[in-house]
Amino acid sequence: MSESPIRNIFLAEAKEILGNLESDIVMLEETQDQELINRIFRYVHTLKGSSGIGGFSNIYEFTHSLENLLEMVRSGKMEADQQIIDLLLLSIDWISSGINESGDPAIEERKSELLKFIKNFMSAESEGKNGSTQSVIKVMPVGVGYNYFRIKACFKDDIFESGIDPLMIIEDVVSAGLIKEKCINTDSLPDIADFNPEKCYISWEFVLKTKYPESKINDAFIFVKYDNDIKIENVTPEYTSERHDEKVIENKRLGDILVKKGIITESELSDVLNFQNISNRKIGDIVIEKGYATEKDIKFALCEQKRINSKIETGTVRVDAKKLDSLLNLLGEIVIGQSAISGIADELQDGQGFRLKNVLYGLDRTTREFQEQIMTIRMIPIGATFEQFRRFVRDAAKNTGKDIKLEIIGEETELDKTVIEKISDPLKHMVRNAVDHGIESPDDRIRLGKNPTGRILLKAYHQEGNVFIDITDDGTGLDRNKIRDKALAMGIIKPGDDVSDSQLYSFIFLPGFTTSENVGDLSGRGVGMDVVRTNVEALRGTVEIETEKGVGTSFRIKMPLTLAIIEGMLVRVGHNIYIIPLLSIVESLKPSKNSIQTIEGKGEVLFVREEYVPVIRLYNVFKTKSDFLNAWDGLVVIVESAGVRIGIMVDDLVGQQQIVIKNIDKYVTTRRSVSGAAILGDGKVALIIDVHGLIGEMT
Amino acid sequence: MVIELSANIGIKNITELYDNIRSAIDNGCEIILDFSKVKRIDLSVLQVLLVANKRAMQNNKELKFRSLSEQVKKQLMLGGMQNLPDTPD
């Protein structure tokens, strides 16, 4: 039996290999490059070797056959045609589930099926047949065998306001399988007199038996899981005989440790395990009871087991993300402390204050460098996130009868780990939209004079302290008229309203807005783009749209490189300090009286550099007091976001400094104009202005 | 009292349904809900039915349903309302 460290090494390695394999196999459809084929062969060969060492005989046996098939492809005896590629993909799907669910009869059945296909392909090829003896391999659900998931879904009470129907989501999930146990919690339903029909009171807990993997179930909740209490737990072992086997394996591991340490003998271990099978008691208790070891010995063995289980030895150093977050927090405290010391330095006599400030400048350089180092550790390339879409686009294109090529540029572009984790779902939705609603069918594309193969481009790049991700398709483009009609129907605009293209297109981000006549398998419910924008804004990002009917659509996501620290301009309004991100500031000025005008329907504007810029009085936004009532008595900070400029009226500029962002709980505020808070050197809290959100709220 | 649900019954017009049902319950009427025009419901409708049925049962009555489609029956089952007999016209 394999020991825990080796098993864990294999699991970590297998996960990485399977991810790379999937991506490479999908690329085989585009090119039969020999180096690509060699690489796929090497991955399978490595997987075979590692599984053998790790004691995964099932995987070893399977990959051995797969390797033989790939040898025929590699040596040119067989072409990697569509059927072979489908078989390879189904094989790696099986390996993924086989690693986790070994012993399950359904898994074994599926393995036999796939091995039969592999054997048939190989013998057909060696007999000189052209594969017509092969039956068509249906693209089966990725999940092999049955899985059991305990799903708890508790939605927030104002979920209807987002245009989301929880019942529809539950129906989606339930349609993926069979409910084994169901519990609908209606405890929160009040009496009819106190009932608010526009609030959600019901939650669900059920066990679903399904052929699909957890990722498919997760996908059903993709747009609600961040804001709602959704838990999905794989409980397959409890519903199959695996549970018992796992327990046995766990106990044997403890037993192995006891034998290895010379505490008990092999035959004593056998005796204990036999007794354990009958009595179902803890192995440690049985060992003590039979007098084979003392309580102290068992405690020692349990510690050793825990130590082995928690240690993952690999060739690289894996750092717990929480440790990095903790380091960043501590750095934040240092920055606050520095700011406080700087304040004290200002109060000191000239000579002493000057010397202290000098030292602080040096310390500031060091903390900035420290910050950059931590940021670098947190940054990872977006390539792996992009690569996961190859398989998705391939399968989705097949399912919709379309021919689509996915291009990826800038996979080496690095983003903060948290940003990557949170941007994955919005990206997935936009790619879904492109496949479902953007790219036309091959026939339609030919009729329109386009290449029958549609193109989706994912591009990532850095620019001016931000990271950009473009999702571009060469499909049908957004239909301006349809969007306008839908906006009219929803009462968002009135007939005769003059609405710019960019404003019109921004309506697609509103909850419940869809021009889709058909709710596709992938999208079209009017839920996704609203949540995409919310998720992107939660990352302090923005989404812009460029589209041309008949030509295609491009979504541009712009996000800060890091979520944790920014350079900010401190501004004062009355007794309060606010922070404006430096990257958003165009300029600051003291306007003349003549440059401030009031335009009917537009409000107060500032004429600067040959354009009129709307002026927003910050004291009005936050309902606070200001030293000045007239914009020309104070200062105006011109800021810009997504091509839109506004002027923020403040009393004074305090200074520029590095700001460590503290998140504000939604129970404190849900205003879009606030992205967080910071603790100043004097211990006061300053709100951080979200320029994009402020523009959105005010316009 | 027969309350006919509209084809597009849902969160956008749920308050009207709630008011009608509540009024009927308060007046002690026996309520028959006619689903002949309804293809599917959303959670807001399900909740109103649950809460109304609970109050009706407290008054020793229960809600009756007419012309439930298979789709709506399945949705009601997801909300814990199962084995609903169809009330004839």
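As a reminder, the structure under discussion sits directly above these lines.
Residues numbered from 1 in each chain as written. Chains lettered and ligands numbered in written order. Predicted model: local features only at pLDDT ≥ 70, side-chain atom pairs only at ≥ 80, totals over all residues. Heavy atoms only, no water.

A.B. asks: Run through the overall build of chain B, naming residues and quoting values.
C.D. replies: Along chain B, the regular secondary structure elements total 3 helices and 3 strands. Starting at the N terminus and ending at the C terminus, chain B contains elements arranged as β-α-β-α-β-α. Going through the 89 residues of chain B one by one, you find that 48% of them count as buried. Put simply, 69% of the contacts in chain B that link residues at least 6 apart link residues at least 24 apart. Surface accessibility of chain B: about 4,600 Å² in total, with carbon and sulfur atoms responsible for 47%. (Helix = DSSP H or I, 4+ residues; strand = E, 2+ residues; numbered from the N terminus. Buried < 20%, exposed > 50% of the residue type's maximum accessible area, 1.4 Å probe, protein only. Contact = heavy atoms within 4.5 Å. Areas by Shrake-Rupley, 256 points an atom, 1.4 Å probe, with all protein chains shown as cover.)

A.B. asks: Talk me through the interface of chain B and chain A; I want residue IDs and the actual numbers.
C.D. replies: Contacts between chain B and chain A engage 27 residues on the former and 25 residues on the latter. When the two sides are added together, the surface that chain B and chain A hide from each other amounts to roughly 2,100 Å², 65% of it contributed by carbon and sulfur. It is Leu43, Gln47 and Leu78 of chain B that lose the most area in chain B upon contact with chain A, and together they represent 33% of the buried surface on that side. Summed over the shared surface of chain B and chain A, the number is 2 salt bridges. Here chain B is connected to chain A by 11 residue pairs in polar contact (both at pLDDT 80 or more). Put simply, the parts of the chain that give the side of chain B that touches chain A at least two residues each are helix H1 (14-26), helix H2 (43-58) and helix H3 (70-78) of chain B. (Buried area = accessible area lost by both parts, 1.4 Å probe. Salt bridge = Lys/Arg side-chain N within 4 Å of Asp/Glu carboxyl O. Polar contact = N/O pair within 3.5 Å; in protein donor to acceptor, adjacent residues only side chain to side chain.)

A.B. asks: Explain a nonpolar patch on the surface residue by residue, including any values.
C.D. replies: All names here are of chain A. On the surface, a nonpolar cluster with roughly 320 Å² of combined accessible area is contributed by Leu327, Leu330, Ile334 and Phe370. A total of 3 residues in the nonpolar patch trace back to one element, the largest contributor, which is helix H13 (residues 321-347). Mapped onto the secondary structure, Ile334 falls in helix H13. (Patch = residues over 30% accessible without salt bridge, like charges linked within 9 Å, V, L, I, M, F, W, Y side chains within 5 Å.)

A.B. asks: Which residues make up the sheet that holds strand S3 (residues 64-66) of chain B, and what values do they have?
C.D. replies: All names here are of chain B. The 3 strands lie next to each other as S1-S2-S3, forming an open sheet whose pairing is parallel. At either end of the open sheet lies a strand with only one pairing partner, and these are strand S1 (2-4) and S3. Sheet twist, expressed as the average angle between the axes of neighbouring strands with direction ignored, equals 25 degrees. In terms of strand pairing, S1 meets strand S2 (residues 32-34) through 3 bridges, oriented parallel. Across the sheet, the residue bridging to Val2 is Ile32, located in S2. (Pairing = 2+ DSSP bridges. Axes fitted to C-alpha atoms, helices over the stretch in contact; angles between N-to-C directions.)

A.B. asks: Give a detailed account of the pattern of salt bridges, specifying residues and quantitative values.
C.D. replies: Residue and element names in this part refer to chain A. Here the structure, examined in full by the defined rule, presents 40 salt bridges over all chains. Between Asp93 and Arg391 there is a salt bridge whose closest N-O contact spans 2.9 Å. Note that Asp93 is positioned in helix H4 (residues 82-100) and Arg391 in helix H15 (residues 383-399), a separation of 298 residues in sequence. Like Arg391, Asp93 is buried. Here Arg455 makes a salt bridge to Glu407, at a shortest N to O gap of 2.8 Å. One end of the pair, Arg455, is in strand S8 (residues 454-463); the other, Glu407, is in strand S6 (residues 404-409), and 48 residues separate them in sequence.

A.B. asks: Give me the lowdown on helix H16 (residues 417-438) of chain A, citing residues and values where you can.
C.D. replies: Residues and elements named next belong to chain A. With 22 residues, H16 should cover 32 Å at 1.5 Å per step; its first-to-last C-alpha distance of 30 Å lies within 8% of that length. Along H16, the sharpest kink reaches roughly 35 degrees, centred on Ile423 and followed within four residues by the proline Pro426. For H16, a buried count of 17 out of 22 residues is recorded, marking the element as mostly surrounded by other parts of the structure. (Expected span 1.5 Å × (residues − 1). Bend = angle between axes of the 7 residues up to and from the residue.)

A.B. asks: Please provide a residue-by-residue account of the packing of aromatic side chains, values included.
C.D. replies: Scanning the model with the defined rule gives 9 aromatic pairs over all chains in all. For the ring pair Phe155 of chain A and Trp204 of chain A, a centre distance of 6.4 Å and an interplane angle of 80 degrees mean the geometry is edge-to-face. With a gap of 49 residues between them, Phe155 of chain A in the loop between strand S1 (147-154) and helix H6 (166-174) and Trp204 of chain A in strand S3 (residues 203-210) connect regions that are remote in the sequence. Taken individually, Phe155 of chain A and Trp204 of chain A each receive the classification buried, so the pair is uniform in this respect. With 5.8 Å between their ring centres and 35 degrees between their planes, Phe35 of chain B and Phe65 of chain B make a pair best called tilted. (Phe/Tyr/Trp six-rings, centres within 6.5 Å; stacked < 30°, edge-to-face > 60°.)

A.B. asks: Could you give an account of the environment of Ser500 of chain A, with specific residues and numbers?
C.D. replies: For Ser500 of chain A, the position within the fold is in the loop between helix H18 (480-489) and helix H19 (501-506). From its side chain, Ser500 of chain A meets the backbone nitrogen of Gln503 of chain A in a polar contact 3.2 Å long.

A.B. asks: Describe the packing of H6 of chain A against H3 of chain B, with residues and values.
C.D. replies: Between H6 of chain A and H3 of chain B, whose axes approach to 11 Å, the crossing angle comes to 95 degrees. Judged on the interaxial angle alone, H3 of chain B and H6 of chain A are roughly perpendicular. Here H6 of chain A contributes Leu167, Ile170, Glu171 and Val174 of chain A to the contact with H3 of chain B, which in turn contributes Gln71, Gln75 and Leu78 of chain B. (Parallel < 35°, antiparallel > 145°, perpendicular 65-115°, else oblique.)

A.B. asks: Please give an account of the side chain of Asp470 of chain A that cites residues and values.
C.D. replies: All names here are of chain A. Looking at where Asp470 falls in the secondary structure, it is placed in strand S9 (residues 466-473). Taking relative accessible area as the criterion, Asp470 reaches 6% and is therefore assigned buried. At a separation of 3.2 Å, a polar atom in the side chain of Asp470 contacts the side chain of Tyr461. Within the structure, the side chain of Asp470 is placed 2.9 Å from the side chain of Arg556, a separation counted as a polar contact. Each residue touching Asp470, except ones within four places of it in the same chain, is listed here: Leu457, Leu458, Lys459, Tyr461, Phe555 and Arg556.

On their own, these measurements won't tell you what the molecule is for.
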